[in-house]
Structure formats: C-alpha cells, structure tokens
Amino acid sequence: MSAPAIQAALSQMQSLATQASGQAAKGQQLSTMVGQGGFAGELQSSIQRINRLQQTANAKLDAFQAGDPGVALNDVMVDMQKASVGFQMGVQVRNRLVTAYKDIMNMQV
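Here is a short report on the structure shown in this document.

Parameters and conventions
Residues numbered from 1 in each chain as written. Predicted model: local features only at pLDDT ≥ 70, side-chain atom pairs only at ≥ 80, totals over all residues. Heavy atoms only, no water. Helix = DSSP H or I, 4+ residues; strand = E, 2+ residues; numbered from the N terminus. Buried < 20%, exposed > 50% of the residue type's maximum accessible area, 1.4 Å probe, protein only. Areas by Shrake-Rupley, 256 points an atom, 1.4 Å probe, with all protein chains shown as cover. Salt bridge = Lys/Arg side-chain N within 4 Å of Asp/Glu carboxyl O. Patch = residues over 30% accessible without salt bridge, like charges linked within 9 Å, V, L, I, M, F, W, Y side chains within 5 Å.

1. Some details on the overall build of the protein
Logical step 1: On a plain count of helices and strands, the protein comes out with three helices and zero strands.
Logical step 2: Its helices and strands in sequence order give the protein the pattern α-α-α, from N to C terminus.
Logical step 3: Every one of the 109 residues in the protein was classed for burial, and the buried ones make up 6%.
Logical step 4: Total accessible area computed for the protein in this model is approximately 8900 Å², and 59% of it derives from carbon and sulfur atoms.

Following this line, the structure appears as structure tokens:
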C-alpha cells in the first residue's frame, strides 16, 4: 500500500472513530436530524452503499486480473473484504427485519 493510501485509510478510521464516539471532528457538523429521510430512505441508501462497495471491489479485481500496474493485490483484497463485510451486515439487518416482522405479525391484538 502506498503512503497516500495509508494516510487516507488512517484519516478515514479516525473520522469513523470520532463519529462512533458521538463527537464531531474539527470543521465537521454532525447531522442529528431525525425523521427527514425515514427508515426506508436510510435502508435504501445503505443498500446503495453496499452495492457501490461491491462494484468498486469488482472493478479493482478486474483491473488487477487485466494486469494494471496501478492496482496492488493488497488493495484488491481489502476492497473485497470491505464488500464482504458490508454484504454480511446487510444480510444481518434483513434477518433482523424479518424476525421483527414475524414477531409483530404473531402479536395478538
């Protein structure tokens, strides 16, 4: 991995860590508005992000297989792993939604 790629990954990890701790990074505003897009909108955008991750990973894989000198194997493997983790997260969310739906349908009124 090149030095700029390492720096970019490090800054992304730091940004995610500050978001996870609930603090806004310097110069950033943390969006806390509730109810604007709704659950369906958030679900749709998550599915689109997972799709973009998979498309990016597949594009890098194709470039690596074609012999592009600008694509390293470790970059391909990292992108493939990101896509895999994102897909597994999507499957788990879907499973939880199905379970919640079944629980609600089995409730007695």
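2. A short note on the environment of valine 78
Logical step 1: Inspection of the secondary structure assignment puts valine 78 in helix α3 (residues 73-105).
Logical step 2: C-alpha of valine 78 to C-alpha of alanine 57: the two residues are 21 residues apart in sequence and 8.5 Å apart in space.

3. Considerations on the pattern of salt bridges
Logical step 1: Using the criterion set out here, one finds one salt bridge in the structure.
Logical step 2: Of the charged contacts, one joins lysine 60 and aspartate 79 as a salt bridge, the two residues approaching to 3.0 Å between their closest N and O atoms. Taken together, the positions of lysine 60 in helix α2 (residues 38-66) and aspartate 79 in helix α3 put the pair 19 residues apart, joining distant regions of the chain.
Logical step 3: Its relative accessible area of 29% is what places lysine 60 among the partly exposed residues.

4. Observations regarding a nonpolar patch on the surface
Logical step 1: Together, Phe39, Met89, Val93 and Leu97 give the surface a local cluster of nonpolar side chains, amounting to about 350 Å² of exposed area.
Logical step 2: By residue number, the principal contributor to the nonpolar patch is α3, which donates three residues.
Logical step 3: Structurally, phenylalanine 39 can be placed in helix α2.
Logical step 4: What makes phenylalanine 39 exposed here is its relative accessible area of 56%.

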